[in-house]
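# Fold and contact review
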Amino acid sequence: MKDPLDSPMDVEEDEIEEEEELLQTKKQKNAQSKPNSRLSRLKETTNNNNNTNGHNEAPQNENTNVPPAAQKEKTAFEEEASKTVIWGTTVNAAETMEKFKNFLESFADPNSGDLLYPKYLDQIHATEVYNLNLNAGYLHDFDPSLYKLLIRYPQEVVPLFDIVIHNMYSELFPDDPIGVAQIQVRAFNLKEVRPMRSLDPIDIDQLVAIRG
């Protein structure tokens, strides 16, 4: 409060002191508000970056996601392909090759108990004679359905066997310059041996063993 009896000089000094006090108060408020403002700006920047990343990622998800209808069509196509058989036969090429590969990798010698066909592949590698004698009796004991396909459709099944054994050999001996030569499977020891006179027209294009 200003006293009416104060001189003009005293009044001016009081006003100057009040102004200085106001300036100091403002400086203190500004100093206190600066950290908060920096923090708020930092939060705003972080939020903006998150929003920007979210906007950038959204189109990528939209582009990479496969529509449900397309997924169903792809699954249906794969299932249909897995059931595809060679025309005029009941031979599913992929399934037949997988079964024969399992036979080669799993069948053990009845006498020694050792895996039989990896040992035969070692012999092929040593002798460089690219033929594999397949004991059809062993195949029958291991997988009767695969044996039946071999007997009924040898023209379709034997080439599949050739591919499997060739690929297996190439995996075991990648440095062997086998080139375009392909290991050929030769089946023997069929379960049924028949005389020549007992053959019928139905036996045409089938694998048969003849006595004599």
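The structure contained in this document is the topic of the report that follows. Note that this is a predicted model, so its numbers are computed, not measured. (Residues numbered from 1 in each chain as written. Predicted model: local features only at pLDDT ≥ 70, side-chain atom pairs only at ≥ 80, totals over all residues. Heavy atoms only, no water.)

### Looking at the overall build of the chain
Helix and strand counts for the chain stand at 7 helices and 4 strands. When its helices and strands are written in sequence order, the chain yields α-α-α-α-β-α-α-α-β-β-β. Out of the 212 residues in the chain, the part that is buried amounts to 22%. Contacts spanning at least 24 positions in sequence make up 56% of the contacts within the chain whose residues lie at least 6 apart. (Helix = DSSP H or I, 4+ residues; strand = E, 2+ residues; numbered from the N terminus. Buried < 20%, exposed > 50% of the residue type's maximum accessible area, 1.4 Å probe, protein only. Contact = heavy atoms within 4.5 Å.)

### Overview of the packing of helix α4 (residues 117-127) against helix α7 (residues 154-172)
At a minimum axis distance of 11 Å, the contact between α4 and α7 shows a crossing angle of 75°. Here α4 is positioned roughly perpendicular relative to α7, judged by the angle of their axes. Listed contacts from α7 to P118, L121, I124 and H125 of α4 are I165, M168, Y169 and L172. Tallied by class, the residues present in the contact of α4 with α7 amount to 7 nonpolar, 1 polar and no charged. (Axes fitted to C-alpha atoms, helices over the stretch in contact; angles between N-to-C directions. Parallel < 35°, antiparallel > 145°, perpendicular 65-115°, else oblique. Nonpolar A, V, L, I, M, F, W, Y, C, P; charged D, E, K, R; others polar.)

### Observations regarding unusual backbone geometry
In this model, E128 sits at a positive phi of 60°, which is unusual for a non-glycine residue. Among the structural elements, E128 can be located in the loop between α4 and β1 (131-135). Accessibility expressed as a relative area gives 54% for E128, which makes it exposed. Phi at N189 is positive, roughly 60°, even though this residue is not glycine. Within the secondary structure layout, N189 lies in the loop between β2 (184-188) and β3 (193-194). We classify N189 as partly exposed; its relative accessible area is 44%.

### So, the pattern of salt bridges
For the coordinates displayed, the defined rule picks out 2 salt bridges. A salt bridge links R194 to D203; the nearest nitrogen and oxygen atoms lie 2.8 Å apart. Given a relative accessible area of 16%, R194 falls into the buried group. (Salt bridge = Lys/Arg side-chain N within 4 Å of Asp/Glu carboxyl O.)

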